[in-house]
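Reading the structure
Spelled out from the first residue to the last, the chains are:
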Amino acid sequence: MDRYDPLKIESKWQKIWADTEAFKAGPVGDPRPKKFVAEMFPYPSGAGLHVGHVRNFTIVDVLARFYAQQGMNVLRPFGYDTFGLPAENYAIKTGISPQSATTTNIQNFRKQAQKLGYAIDWSREINTSDPEYYRWTQWCFLQLYKAGLAYQKESYQWWCPVDQTVLANEQVENGHCWRCGAEVEKKKMKQWFFKITDYADELLASLDEVEWPEKIKTMQKNWIGRSEGAEIDFRVQVAADEPAANPSDPSAPLITVFTTRPDTIFGATFLVLAPEHPLVAQLTTPGTRAKVDQYREAALKKSEIERQENKTKTGVFTGSYAINPATGEPIPIWVADYVLMGYGTGAIMAVPGHDERDFEFAEKFDLPIKQVIEKPEGSDDTDRYYHGEGELVNSGQFNGTRSEDAREQIVAWLNAQGVGRSKVTYRMRDWLISRQRYWGCPIPVAYDKNGQVHPIPEDQLPVLIPEVDDYQPDHTGRSALAKAKDWLKVTIDGEEMTRETDTLDGYACSSWYLWRYASPHDRSAAWDPEAVKYWSPLDVYVGGDHAVAHLLYIRFWCKFFADQGYLPFREPIKKLLYNGYINAPDGKKMSKSKGNVIDPLEVIDSGYGADTLRTYEMFIGPYDQDAAWDTKAIGGVYRFLNRCWTLCFNPAEPAQPLAADDPARLAARHQTIKKVTTDLHRNSFNTAVAALMEYVNQLYKTGAETDDLVALARLLKPFAPHLASEMLEQLETDDTWPTWEEQYLEAQLVEVVVQVNGKLRAKLQASPELLDQPDELRALALADPNVQRFLADRPVEKVIIPRGAKLVNLVV
RNA sequence: GGGCGAAUGGCGGAAUUGGUAGACGCGCUAGACUCAAAAUCUGGUUCCCGCGAGGGAGUGAGGGUUCGAUUCCCUCUUCGCCCACCA
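Described below are features of the structure shown in this document. Bear in mind the structure is a predicted one, so any value in this text is a computation, not a measurement.

So, how was this worked out
Residues numbered from 1 in each chain as written. Chains lettered and ligands numbered in written order. Predicted model: local features only at pLDDT ≥ 70, side-chain atom pairs only at ≥ 80, totals over all residues. Heavy atoms only, no water. Near = heavy atom within 4 Å. Polar contact = N/O pair within 3.5 Å; in protein donor to acceptor, adjacent residues only side chain to side chain. Helix = DSSP H or I, 4+ residues; strand = E, 2+ residues; numbered from the N terminus. Pairing = 2+ DSSP bridges. Buried < 20%, exposed > 50% of the residue type's maximum accessible area, 1.4 Å probe, protein only. Contact = heavy atoms within 4.5 Å. Core = buried A, V, L, I, M, F, W, Y, C linked by side-chain atoms within 4.5 Å.

1. Section: the protein's contact with RNA strand B
- Looking at RNA strand B, there are 56 residues lining it, with Thr260, Lys313, Arg357, Arg427 and Asn809 nearest.
- In this structure, Arg429 approaches RNA strand B through a side-chain N or O atom, which is 3.2 Å from a base oxygen.
- Separating a base oxygen of RNA strand B from a side-chain N or O atom of Lys675 is a distance of 3.3 Å.
- Ranked by residues supplied to the surface near RNA strand B, first place goes to helix 21 (residues 685–702) with eight residues.

Shown next, in the form of structure tokens:
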């Protein structure tokens, strides 16, 4: 071999790795320290791997190989998240079944991943649409059902008119379907939910325990959206001219509102209900009925995007009044769409004096505005609705109290009268999990002739997805499963029933897969408790998506299954690396329609090889930042690997040869080992590659000794495993991760910089010991002609020699 | 509107606890090899002044703390992401 031929080297080593099952994880109980690393498993699209996958998978691979070379027992599995709309839409269009398209796509993905030389334990591949997998997804559902955390509720749901399916909150982006971009609507349907809100507090609190990027933690905190406040009951009068209702009269309806500002209750001059609020019909008086009905209908019909975009306030008066429990005065009850049924109680007490939205509404409809908090003097707040803190006014016995203190006092006062209580409310809603789609995991329940729900017994799992001819959902809101007439019938306890035709949100399938990796072929349980106890929680998770959805759901399931005794930990992922995107060379997102997609397989096959592609994607920039593909820069990485190859297989005479034991040579080697090792520990992949490049440049000058090449090949292996393996074979050694010794880090002379008043004036060569001898260092610095020039005979007032900084600062 | 983050040469980026700003790569440039080109190798490359030694300026803008600030603090500008009538 006389030149670097990546394609030849790579196919050679890929065959060896496959034949020897080189990356099989050690057994459960293996005494070596374990490391479990994984990427967010991909949806295997027909287009195959893209450069974003390569970045994501390579980060995991570098870490897996780094840990393995350090003698750890590494689990680095791989799987496919295969349910979802693309395969189903493809089936609707082409008639090719999702099952068959998925099989083809998986084969393609596997082949491509192998071509990248990933250190994957291929014996642990999982696929969420494999019945052997989804029977356990169904088992998970049944556990949640048994515990009362999977329930049905009829409510208004996001509905995508194009995909003909319900969407979760997380799948609606600015009022549009996340998949097809169509404007979503609201539709009243009976849906399945998981009660994630039961875990809201813990999901929030235990974010402090995980080593995740602050950005992601903040997004989850905002999503959960904990608000402390109070619920307050307002007794209704049916009409203004009736005598004020007796607050203790149990026959008068109650409107319960949620507020974070109970201190402003004396300023509550009207109530507002969401259009969907169940009491609206009852409260509407005959004179207002026509207007109220018209408003409600319009609000419900309005697409969500219209309701959000139109920020001018609209609303109608119901004709009824309620008694403000603080003032005893009747206040009008309005209906307006700026109040959301899904949050709090769907009703608010409006305090226009101190809330921007209520203020706008009051202005528009000429409702009374009452000030109950005094703006402190010197406040530069110019809003006419002061929403800060201050002293209470117009608030009866609470006048003069600070608003911060009044909150608690007023709630206690209302509570004593039985009309108010402290309340914590979350912005997060329960997780809507039913999907009116064919290509998903069937929800394992059936309905008897009275419509009662019956879970499918565990011994009848899996509920298999039936084959159908036509994948089109029908327009009644039911999935194509409804077309499998025979499949629909099921007998439970001798009674004939009808199966559920909804399938589970794909996020359910990915909410437990990390534990499946521990025992992927277990036919008796979702996961083997011993195996999970050994491998989990996951040490490092790498991905660039799903900041809220998937990463919140998997935490929820983890806590649930821990409570059920199935898991011995409450957080599934210790450390999260959230990688950035790779954009097209023009800086824009890669997309087929723009024609700017870089195909990683083409990069490999063009002659660069997988090692160059892998190393380039690690070198492209900090892993957590977006980067633009640079078609020229990848050549620089290829040249670097080519130089590594040349040093090992075809070395030239060095220009400035160094002896094998020269301190400068040892220093370069040990510095490189230290730099690459510490950089990998802090996930600074780009600078680790830079350090290797620097080392190779050095070896080109000085010539490479065997020890240099061994260190180089071992350090290079996580990035460019094929080339490194070829080098290690030539060098007749293994890939044990090298260690550095502090004593070799410094060459015989170090460079010390001299500053005068903080400005660099000279550089001196000195022995390292001199750094501990301030007087001599000072003398040496003062002797430098350029330093003398700048001192200009002035006396030196202070000499600063910082520890470990190779620097002298003379202050005059 | 709220929250979070970022801004460094022609470009991507580096500088781990405040201590030599610009590592490494791209690009550009000069040279070696070659009939020539490619490939490869060697040198140069923040800007300004200077033949040079060297000097001055410089990390979005302005101020502050410090012997010393890309790093810490304050004010502002621009950009990005997330949430967005959540009471």
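2. A look at the sheet that holds strand 6 (residues 165–167)
- Reading across the sheet, the four strands line up as 6-5-9-19 and stay open at both edges, with antiparallel pairing between neighbours. On the outer flanks of this sheet lie strand 6 and strand 19 (431–432), each paired with one strand and no other.
- Across 10 bridges, the pairing between strand 5 (residues 150–160) and strand 9 (residues 185–194) is antiparallel. In the sheet register, Glu154 faces strand 9, and the bridge partner there is Lys190.

3. Thoughts on the pairing of strand 14 (residues 330–335)
- Where burial is concerned, most of strand 14 is hidden: five out of the six residues are buried.
- Relative to strand 14, strand 12 (residues 270–273) runs parallel, the two sharing three bridges. By the bridge assignment, Leu273 is partnered in strand 14 with Val335.
- Here strand 13 (residues 316–323) runs beside strand 14; their pairing, made up of five bridges, is antiparallel. Each residue of the ladder has a partner; that of Ala322, found in strand 14, is Ile331.

4. Thoughts on the environment of Ile554
- Mapping Ile554 onto the fold places it in helix 17 (residues 549–563).
- On the accessibility criterion, Ile554 (0% relative accessible area) is buried.
- For Ile554 and Asp793, which are 239 residues apart along the polypeptide, the C-alpha to C-alpha distance reads 70 Å.
- Contacts of Ile554, omitting those with residues within four sequence positions, involve Ser510, Ser511, Leu514, Trp515, Pro572 and Ile573.

5. A word on the nonpolar core
- Phe141, Phe194, Leu514, Trp515, Trp527 and Trp557 are the most contacted members of the largest nonpolar core, which has 92 residues in total.
- In terms of residue count, the dominant contributor to this core is helix 17 (11 residues).
- When neighbours within four sequence positions are excluded, Trp527 is seen to be in contact with Trp139, Cys140, Trp512, Trp515, Ser519, Asp522, Val532, Phe561, Tyr566 and Leu567.
- Grouped together as the second largest cluster of nonpolar side chains are 83 residues, Ile106, Leu577, Ile673 and Tyr695 included.

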